[in-house]
Amino acid sequence: MTLALDTNPEADARRARRVARASRAADVLETLGLAFLAPLVKAVAGDDPAGNLKSFARLLGIPLIAIALFLFAWGQLAPRVQTSLGALPGPGAVWEQAVALHEDYRVDQQKEADFFARQEVRNAELAAQGQPVRLHAYTGAPTFYDQIWTSIQTVLFGFAIATLVAVPVGILCGLSPTVNLGLTPLIQIFKPVSPLAWLPIVTMVVSALYTTTSGGMSKSFLVSAITVTLCSLWPTLINTGVGVASIDKDLVNVGRVLKLSTWTKITKLVLPSALPLIFTGLRLSLGVGWMVLIAAEMLAQNPGLGKFVWDEFQNGSSNSLARIMVAVLTIGIIGFLLDRIMFAIQSAVSTTTKR
């Protein structure tokens, strides 16, 4: 006796499409640093629900347990450390100050809106009297969010300059052993130099050369950005050179046989092969630049998160330590997000995303 199998080709096809879409969504989640959600998406789509739910519980549960243990240890140990400003703040105190900084931002936003509303009324009265109107900028102190945005703008500007310098020079080093031999001593000398050593030199050079008073970028912004550039370009330069020098020799021979121009060889053969190492250097450079920026802002008292930390340290109020901890956690989270963004770009333009 033969048993007929109950199959539904249409249902199987729909399930296969759901699984394929779930797999693509899982790849996107992993790129964004949300890999713990990938098994859940696959389970919902019907791809081995039991196994994927087990993986989801493990990927989510273990980090949550580790975070909970960290917060518990932090809460227990912090009150035992007494400083000149009192005990170290625990998680609760830090959260309170995070909420307070957000409230400060909302209050400042309302003050700014009121300022411009009053200015608009006053200018309307002046216009009605036939007098020239006067426009004034709001001059309130920068909020915590303003400091965050200033630091992000600065590091991205400095990182962009570093990339524009490091990638072409790295390609040149990788293609020419002579250039590589000549630049290697300079790279090895300047690569370990601390941002604290560069900062006075950069400050004096910018002050001497950048004398415009017609708006544009401020000197403090340029000083911080150039310091970031000088300290962050080395990982990209070195990794680009290594990536270009290690491309498959068969590709080089193909370029010779086809008599490709130098530009075509670089764009069609060299860069695609070297992209994984180039992006490794870019991610390292961005991380270095972010760390360098905070130190530069603290030392030079330039606007940004570094200055916020230093101002709170100098302030010495009972809430200063908690606010500094808020800034520390913010710096770490932003650094993580910047790295995820770079990894997402790498995934979009390169076929290899090995880390």
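The structure displayed is predicted, hence computed values, not measured ones.

S.K.: So what exactly am I meant to see when it comes to the pattern of salt bridges here?
M.R.: A side chain with one charge can pair with a side chain of the opposite charge if their charged atoms come near. Summed over the entire model, instances satisfying the criterion amount to five salt bridges. Across the pair Lys307 and Asp311 runs a salt bridge, and its minimum N-O distance is 2.8 Å. Here Asp311 and Lys307 lie together in helix α11 (residues 305–315), a separation of four residues that amounts to about one turn. A single salt-bridge network, built from bridges that share partners, covers Arg283, Asp339 and Arg340.

S.K.: I tried to follow the packing of helix α7 (residues 195–209) against helix α10 (residues 262–300) on my own but got confused; where do I start?
M.R.: Working note: a packed helix pair is described by the angle between its axes plus the distance between those axes. For the pair α7 and α10, the least separation of the axes is 10 Å and the interaxial angle reads 55°. Between α7 and α10, the angle falls in the class oblique. Crossing hand, α7 versus α10: right-handed. Between α7, through Pro195, Leu196 and Leu199, and α10, the contact on the second element is made entirely by Val292, Ala295, Ala296, Leu299 and Ala300. A breakdown of the residues in the contact of α7 with α10 according to their chemical character gives eight nonpolar, no polar and no charged.

S.K.: Can you help me understand the packing of aromatic side chains in this one?
M.R.: Describing an aromatic ring pair means giving the distance of the ring centres and the angle of the ring planes. All chains considered together, the criterion is met by nine aromatic pairs. With centroids separated by 5.3 Å and ring planes inclined at 75°, the aromatic side chains of Phe115 and Phe116 adopt a geometry described as edge-to-face. Grouped by ring-pair contacts, the aromatic residues Tyr105, Phe144, Tyr145 and Phe308 constitute a single cluster.

S.K.: I keep staring at the side chain of Asn123 and nothing clicks. Help me out?
M.R.: Structurally, Asn123 is set in helix α4 (residues 91–128). Assessed through its relative accessible area of 8%, Asn123 is described here as buried. The contacts of Asn123, once residues within four sequence positions are left out, are Val133, Arg134 and Leu135.

S.K.: Help me understand a nonpolar patch on the surface in this model?
M.R.: A cluster of nonpolar side chains, namely Leu64, Ile67, Phe70 and Leu71, defines an oily patch on the protein surface of about 390 Å² accessible area. Looking at where Ile67 falls in the secondary structure, it is placed in helix α3 (residues 49–77).

S.K.: Explain a positive patch on the surface here, please?
M.R.: Taken together, the side chains of Arg15, Arg17, Arg18, Arg21 and Arg24 make up a positively charged region of the molecular surface. By the secondary structure assignment, Arg17 is in helix α1 (residues 9–31).

S.K.: Would you mind going over the nonpolar core with me for this structure?
M.R.: One finds Phe144, Trp290, Leu305 and Ile334 to be the most contacted residues of the largest nonpolar core, which totals 45 residues. Elements supplying a minimum of two residues to this core: α4, α5 (144–175), α7, α8 (219–245), α10, α11 and α12 (320–349). Element by element, the count of residues in this core is highest for α10, at 13 residues. Beyond its immediate chain neighbours, meaning those up to four positions away, Ile334 contacts Ile148, Ile152, Trp290 and Leu305. Ala162, Ala166, Ile187 and Trp234 belong to the second-largest nonpolar core, a separate cluster that totals six residues.

S.K.: Which parts of the structure should I look at to understand α8?
M.R.: Along an α-helix, residues three or four positions apart point the same way, because every turn accommodates 3.6 residues. Given a rise of 1.5 Å per residue, 27 residues ought to cover 39 Å, and the 39 Å separating the end C-alpha atoms of α8 matches this to within 8%. Roughly 35° is the biggest bend found in α8, and it falls at Ser232, with proline Pro235 one to four residues downstream. Counting buried positions along α8 yields 20 of 27 residues, so the element is predominantly enclosed.

S.K.: Looking at this structure, how should I read the packing of α10 against α11?
M.R.: Relative to each other, α10 and α11 sit at 45°, their axes nearing to 7 Å. When the axis of α10 is compared with that of α11, the two are oblique. As α10 runs across α11, the sense of the crossing is right-handed. Side by side, α10 and α11 meet where Trp290, Ile294, Glu297 and Met298 of the first sit next to Leu305, Gly306, Lys307, Val309 and Trp310 of the second. For the contact of α10 with α11, the residue count by class is six nonpolar, one polar and two charged.

Thresholds applied
- Residue numbering note: each chain is counted from 1, following its sequence as written.
- Local features in this predicted model are restricted to residues whose pLDDT is 70 or higher, and side-chain atom pairs enter the listing and the counts only when it is 80 or higher, whereas totals over whole chains, interfaces and linings include all residues.
- In computing side-chain properties, one takes all heavy atoms of the structure into account and sets aside hydrogens as well as water.
- What makes a salt bridge here is a side-chain nitrogen of Lys or Arg within 4 Å of a carboxyl oxygen of Asp or Glu, nothing more.
- Every helix listed is a DSSP run of H or I at least four residues long, and every strand listed is a run of E at least two residues long, numbered separately from the N terminus.
- To obtain each axis, a line is fitted to C-alpha atoms, and for helices this fit is confined to the stretch in contact; angles are then taken between N-to-C directions over 0 to 180 degrees.
- For classification purposes, an angle smaller than 35 degrees is called roughly parallel, one larger than 145 roughly antiparallel, one from 65 to 115 roughly perpendicular, and anything else oblique.
- The sense of a crossing depends on the near helix, which, turned anticlockwise from the far helix by less than a right angle, makes the crossing left-handed and, turned clockwise, makes it right-handed.
- Two residues qualify as a contact provided that any one of their heavy atoms is within 4.5 Å of a heavy atom in the partner residue.
- Classification convention: Asp, Glu, Lys, Arg as charged; Ala, Val, Leu, Ile, Met, Phe, Trp, Tyr, Cys, Pro as nonpolar; all other residues, Gly among them, as polar.
- Pairing of aromatic rings covers Phe, Tyr and Trp, the last through its six-membered ring, and needs centres within 6.5 Å; plane angles under 30 degrees mean stacked, over 60 mean edge-to-face, and all others mean tilted.
- Partly exposed describes any residue whose relative accessible area lies between the buried limit of under 20% and the exposed limit of over 50%, with all areas from a 1.4 Å probe on protein chains only and scaled to the type maximum.
- Patch membership requires over 30% relative accessible area and the absence of a salt bridge. Like charges are linked within 9 Å, and nonpolar side chains (Val, Leu, Ile, Met, Phe, Trp, Tyr) within 5 Å.
- Exposure was quantified through the Shrake-Rupley algorithm and a 1.4 Å probe, taking into account, for residues, occlusion by the shown protein chains and nothing else.
- Only four residue types enter the tally: Lys and Arg on the positive side, Asp and Glu on the negative side; His and the chain ends are excluded.
- Note on charges: their place is set at NZ of Lys, CZ of Arg, CG of Asp or CD of Glu.
- By nonpolar core is meant a set of buried Ala, Val, Leu, Ile, Met, Phe, Trp, Tyr and Cys residues that side-chain atoms within 4.5 Å join together.
- A helix's residues, less one, multiplied by 1.5 Å, set its expected span.
- What is called the bend at a residue is the angle between a pair of axes, fitted to the seven residues leading up to and ending at it and to the seven starting from it.

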